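# Observations on the three-dimensional arrangement
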Amino acid sequence: MKTAIISGASRGIGKEIALSLSKEGYRVIVNFLNSQESAISLCEQINSQGGHAVAFKADMANPRQIKEMVDFTVKNFSTVDLLVANAGIGYSALLTDHSDEIIKKIIDINLVGVITLCKEAAKVMLSQKSGNIITISSMWGQVGGSCESVYSAAKGGVISFTKAIAKEFSLSGIRVNCISPGFIDTDMNNNISLSDKLSLVDEIPLARAGLARDVADAAVWLASDKSSYVTGQIIAVNGGLII
């Protein structure tokens, strides 16, 4: 059984990815920070369906906790076959209204945490001479979002980082790709009013908001041998909103 670590897996896109990968035969490490009850409930759901899931609390802004999660995985399951670096936080405001603290938090979790998590997982994968890394960015990382400048910067950094390590790790049998979601109907977007959501959907060529399942399906494909000749790519899951 292959083992996957999924950061930010207790809800939203991460939860759907964990459910989908478990159905594909992966043992999943369900990372969470604040949503312990949701993480445990998800693991119980997966385990009751014949899968294997374990919850692990780790702050993606804390390098020590990230290392502890990877070490736990290796100690208990021997390998790290797949990493999905999904955890992130959103923040919408004028740049001049961003406090120094929130800027640091956005960058630490959305970019530095991804880098650190990939570094720790890669140490294991390099020794195995095999592995698969999927990072999660955003369409705003591709084109920039008004009033989401720092978030856009962090997610843009994830895209460049993904391309760089894809080149760096390719000869060691490790593939690295990025999924760039568009407007996905998850808790992260609960701060958007219904009228604004409807206006945004009107701009989407496929005429609907994305679902967490849409992103999970892309992750399952990237995790599979069906994408064995794909690395360093940005897979846009946005209904045609950004082309």
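With 36 residues, the main nonpolar core has Met 69, Leu 83, Leu 117 and Ile 133 as its most contacted residues. The biggest single contributor to this core is helix 4 (residues 100-128), with 10 residues. Beyond its immediate stretch of four places on either side in the chain, Leu 117 contacts Ser 7, Met 60, Ile 66, Met 69, Val 70, Leu 83 and Ala 85. By size, the runner-up hydrophobic cluster in this structure holds 33 residues, among which are Ala 9, Ala 18, Tyr 26 and Val 28.

A few words now on the environment of Val 150. Along the chain, Val 150 turns up in helix 6 (residues 149-169). With 60 residues separating them along the chain, Val 150 and Gly 90 place their C-alpha atoms 9.5 Å apart. Ignoring sequence-local partners within four residues, the contact set of Val 150 consists of Leu 95, His 98, Ile 103, Ile 106 and Ile 107.

Across the six residues of strand 5 (residues 131-136), six count as buried, placing the element largely inside the fold. Two elements, strand 4 (residues 82-85) and strand 5, share four bridges in a ladder whose sense is parallel. For Leu 82, the partnering residue across the bridge sits in strand 5 and is Asn 132. Tracing the backbone out of strand 4, into helix 4 and back to the parallel element strand 5 gives a crossover that is right-handed. Two strands pair when backbone bridges link them, and strand 5 and strand 6 (residues 174-181) are joined in this way by six bridges, in the parallel orientation. Considered in strand 6, the bridge of Ile 136 is made with Ile 179.

Bringing helix 3 (residues 63-77) into the picture now. Under the 1.5 Å per step criterion, the end-to-end length of helix 3 is 21 Å for 15 residues, consistent within 8% with the ideal 21 Å. Looking at the packing, one finds that the buried side of helix 3 touches strand 1 (3-6), strand 2 (27-32), strand 3 (52-57) and helix 4. For helix 3, the N-terminal cap is Asn 62; the gap from its side-chain oxygen to the backbone nitrogen of Arg 64 is 3.0 Å.

A few words now on the packing of aromatic side chains. Applying the stated criterion across every chain, the model contains two aromatic pairs. Here the aromatic rings of Phe 56 and Phe 72 are separated by 5.0 Å at their centres, their planes lie at 45 degrees, and the arrangement is tilted. Within this pair, whereas Phe 56 is found in strand 3, its partner Phe 72 is found in helix 3, the two being separated by 16 residues in sequence. For Phe 56, a relative accessible area of 16% corresponds to the buried category. Ring geometry for Phe 72 and Phe 77: centres 6.4 Å apart, planes at 85 degrees, overall edge-to-face. Residue class for Phe 72 comes out partly exposed when judged on its relative accessible area of 24%. Judged by its relative accessible area of 15%, Phe 77 is buried. Taken together, the ring pairs in this structure connect Phe 56, Phe 72 and Phe 77 into an aromatic cluster.

Turning to the state of the cysteines, a few remarks are in order. A complete count under the given rule lists zero disulfides for this structure. This cysteine, Cys 178, is not joined by any disulfide, and Cys 118 carries the nearest cysteine sulfur, 9.9 Å off. Cys 178 sits in the buried class, given a relative accessible area of 0%.

Rules of the game
- Residues numbered from 1 in each chain as written.
- Predicted model: local features only at pLDDT ≥ 70, side-chain atom pairs only at ≥ 80, totals over all residues.
- Heavy atoms only, no water.
- Core = buried A, V, L, I, M, F, W, Y, C linked by side-chain atoms within 4.5 Å.
- Buried < 20%, exposed > 50% of the residue type's maximum accessible area, 1.4 Å probe, protein only.
- Helix = DSSP H or I, 4+ residues; strand = E, 2+ residues; numbered from the N terminus.
- Contact = heavy atoms within 4.5 Å.
- Pairing = 2+ DSSP bridges.
- Right-handed = clockwise from strand over helix to strand, strands pointing away.
- Expected span 1.5 Å × (residues − 1).
- Polar contact = N/O pair within 3.5 Å; in protein donor to acceptor, adjacent residues only side chain to side chain.
- Phe/Tyr/Trp six-rings, centres within 6.5 Å; stacked < 30°, edge-to-face > 60°.
- Disulfide = S-S within 2.5 Å.

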